[in-house]
Amino acid sequence: MTDVNGAPADVLHTLFHSDQGGHEQVVLCQDRASGLKAVIALHSTDLGPALGGTRFYPYANEAEAVADALNLARGMSYKNAMAGLDHGGGKAVIIGDPEQIKSEELLLAYGRFVASLGGRYVTACDVGTYVADMDVVARECRWTTGRSPENGGAGDSSVLTSYGVYQGMRAAAQHLWGDPTLRDRTVGIAGVGKVGHHLVEHLLAEGAHVVVTDVRKDVVRALTERHPSVVAVADTDALIRVENLDIYAPCALGGALNDETVPALTAKVVCGAANNQLAHPGVEKDLADRGILYAPDYVVNAGGVIQVADELHGFDFDRCKAKASKIYDTTLAIFARAKEDGIPPAAAADRIAEQRMAEARTRR
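Conventions adopted
- Residues numbered from 1 in each chain as written.
- Predicted model: local features only at pLDDT ≥ 70, side-chain atom pairs only at ≥ 80, totals over all residues.
- Heavy atoms only, no water.
- Helix = DSSP H or I, 4+ residues; strand = E, 2+ residues; numbered from the N terminus.
- Rg over C-alpha atoms; globule rule 2.2 N^0.38 Å.
- Buried < 20%, exposed > 50% of the residue type's maximum accessible area, 1.4 Å probe, protein only.
- Lys, Arg positive; Asp, Glu negative; His and termini not counted.
- Charge placed at Lys NZ, Arg CZ, Asp CG, Glu CD.
- Contact = heavy atoms within 4.5 Å.
- Right-handed = clockwise from strand over helix to strand, strands pointing away.
- Pairing = 2+ DSSP bridges.
- Core = buried A, V, L, I, M, F, W, Y, C linked by side-chain atoms within 4.5 Å.
- Salt bridge = Lys/Arg side-chain N within 4 Å of Asp/Glu carboxyl O.
- Polar contact = N/O pair within 3.5 Å; in protein donor to acceptor, adjacent residues only side chain to side chain.
- Axes fitted to C-alpha atoms, helices over the stretch in contact; angles between N-to-C directions.
- Left-handed = near helix turned anticlockwise from the far one by under 90°.
- Nonpolar A, V, L, I, M, F, W, Y, C, P; charged D, E, K, R; others polar.
- Phe/Tyr/Trp six-rings, centres within 6.5 Å; stacked < 30°, edge-to-face > 60°.
- Lys NZ or Arg CZ within 6 Å of the ring centre and 35° of its normal.

(A) Here's a closer look at the overall build of the protein. For the protein, the count of helices and strands is 15 helices and eleven strands. For 364 residues, the compact-globule estimate of 2.2 N^0.38 gives 21 Å, and the C-alpha radius of gyration of the protein, at 19 Å, lies within 12% of that figure. Going through the 364 residues of the protein one by one, you find that 55% of them count as buried. When the 35 basic and 47 acidic side-chain charges of the protein are each reduced to a single mean position, those positions are 4 Å apart.

In C-alpha cells form, the structure reads like this:
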C-alpha cells in the first residue's frame, strides 16, 4: 500500500515514530447516512488552535487519505508558524469524488465532527471544497472560515494565496537576479484552477511571459481565449522542459518535485502554490545541487491562511493584503538564512518555523 506520492503508507509508524509524525490527534469520521468518510489530523496546537483546510478528494483507499491528512497537517504547522499566525497546524480530508458524493447532508455531518473538537481545529477551503461548502459546514460548526461575505466570511482565499506566491517569485528574482521585477521572465504554471488563474493575472500585469498546463483542457482553453498571449502546453512533462523557462510554479497537487521531474527542470526557480511539493526528503538537496532556487511552498502559499485566520477576528482585506505582502521579506530572509547556514532553503524555513514552535512550547 502506498501514499499519494507512491511511498509506503505505514500510517501508525508515521504517526508515532517518524520524524514526519508527532501529531497530537487524528480523528476518523464516518456518517453512514450521508456517506461521509473523513480524516481530521491535528499536528500541533503549540501556537494556538490548529488551522487548515478541508480537502475533498477521491483517494484510492483510506490509508492514502490518512497519510495525506498527516502530511498536510504537518505542513500547516510550519506554514502558520512562518506566516506569523497564532495558530497550529491541522488538516482534514473527505474521501470521495466531490462531483459524485458531495451533498448538504454530508457537509453538515462533517461540520458536526469538526465542532466536536471544541475549537481545537478551525477549518477552511482546500482542493475540492469551496466558499459555498464552508457556508454549509458553518451551520453546524462555528469554527469554520472561508465563508462567503454574505455569511460573515471573507470569501475566496485563493486571491491572496496567489498574491503571496507572486511575492515569493519577486523575492526569488531579487535574490537570484538582483531585481524583483518579473517583466520579460518566462513563468510556467502547472495548474490554473482557483489559485493558478489569479497568479496568471499578476504575472501578465507585470509583463511576464506565461506558459500553462492543466489536466482540465476546458479551463486552459478559457484562459488562453481570455489572454491570447498565454501559451499552453500538453502536460507537466512538457512544461518543465520548456526552453528558457525562468520560474516553474507547481499549483496543483503535491509531489511535483521528485526524482523524475527535478533532473528534467529547465527553470532556475521553483515557486508555486501547491502544498507538499517535495515528494520525499532529499529532493530539496537535489534542487540545490542543480543550482535551482526553491521557494518553500508553505511559505509562499500562506496568503490564503493569512486571510482565513483574519476572518476569525473580523475580516479586513487591506490588512490581510499587507500581511501577505510580507511573504516577500520572509522569503528573502529564508534565502539569506540558507546561504548563511549552508543548507537548502526548505531546511532553513523548517529551522525558523521549528524555533518559533519550540519557543511557544516553553511559554506554555
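(B) Up close: the environment of Tyr-166. With respect to the secondary-structure elements, Tyr-166 resides in helix α6 (residues 158–177). Accessibility expressed as a relative area gives 13% for Tyr-166, which makes it buried. Distance in space between the C-alpha atoms of Tyr-166 and Val-231 is 19 Å, their sequence separation being 65 residues. Filtering out sequence-adjacent residues up to four positions away, Tyr-166 remains in contact with Leu-182, Leu-199, His-202, Leu-203 and Glu-206.

(C) The pairing of strand β6 (residues 186–190), seen in detail. Across the five residues of β6, five count as buried, placing the element largely inside the fold. With burial as the criterion, each face of β6 is covered, one bearing Thr-186, Gly-188 and Ala-190 and the other bearing Val-187 and Ile-189. Assessed by its sense of winding, the connection that carries the chain from β6 through helix α7 (residues 196–206) to strand β7 (residues 209–213) is right-handed. Note: β6 against strand β9 (residues 247–250), four bridges, orientation parallel. In the strand pairing of β9, Ala-190 is matched with Pro-250.

(D) Representation of the nonpolar core in the model. Membership of the largest hydrophobic core comes to 68 residues, with the highest contact counts inside it found for Ile-40, Tyr-110, Met-169, Ile-189 and Leu-203. Top contributing element to this core by residue count: α6, with seven residues. Not counting chain neighbours up to four residues away, the residues in contact with Met-169 comprise Leu-182, Val-187, Leu-199, Leu-203, Ile-247, Ala-249 and Cys-271. Grouped together as the second largest cluster of nonpolar side chains are 19 residues, Leu-239, Tyr-248, Leu-287 and Ile-292 included.

(E) How the structure looks around unusual backbone geometry. Its identity as a non-glycine residue notwithstanding, Asp-184 has a phi of 70 degrees, on the positive side. Considering the arrangement of structural elements, one finds Asp-184 in the loop between α6 and β6.

(F) Looking closely at the pattern of salt bridges. All chains considered together, the criterion is met by 20 salt bridges. Between Glu-24 and Arg-120 there is a salt bridge, and its shortest N-O distance comes to 3.3 Å. Separated by 96 residues along the polypeptide, Glu-24 in the loop between α1 (11–16) and β1 (25–31) and Arg-120 in the loop between α4 (104–115) and β5 (121–125) bring together distant segments of the chain. For Lys-91, the salt bridge is made with Asp-126, and the minimal N-O distance between the two is 3.0 Å. Of the two residues, Lys-91 is situated in strand β4 (residues 88–95) and Asp-126 in the loop between β5 and α5 (131–137); the sequence distance between them amounts to 35 residues.

(G) The side chain of Ser-162, seen in detail. Its place among the elements puts Ser-162 in helix α6. In terms of polar contacts, Ser-162 uses its side chain to reach the backbone carbonyl oxygen of Val-159, at 2.8 Å.

(H) Inspection of the packing of helix α12 (residues 303–311) against helix α13 (residues 317–325) at higher detail. Packing of α12 against α13 leaves a shortest axis separation of 9 Å and a crossing angle of 145 degrees. For the pair α12 and α13, the crossing hand works out as right-handed. Across the interface between the two elements, Gly-303, Ile-306, Gln-307 and Asp-310 of α12 pack against Arg-319, Cys-320, Lys-323 and Ala-324 of α13. Here the contact of α12 with α13 is composed, by residue class, of three nonpolar, two polar and three charged.

(I) Quick look at the packing of aromatic side chains. Across all of its chains, the model carries four aromatic pairs by this definition. Centroid distance Tyr-78 to Tyr-298: 5.8 Å. Interplanar angle 65 degrees. Geometry classified as edge-to-face. Here Tyr-298 lies in helix α11 (residues 297–300) and Tyr-78 lies in helix α2 (residues 62–82), a separation of 220 residues in the sequence. For the pair formed by Tyr-78 and Tyr-298, the shared burial category is buried. Between Tyr-163 and Tyr-166 the ring centres are 6.4 Å apart and the planes differ by 45 degrees, which places this aromatic pair in the tilted class. In this pair, Tyr-163 and Tyr-166 are both assigned in helix α6, three residues apart and thus about one turn of the helix distant. Taken individually, Tyr-163 and Tyr-166 each receive the classification buried, so the pair is uniform in this respect. Sitting over the face of the ring of Trp-177, Arg-185 holds its NZ or CZ atom 3.8 Å from the ring centroid. Taking NZ or CZ as reference, Lys-321 lies 5.0 Å from the ring centre of Tyr-163, over its face.

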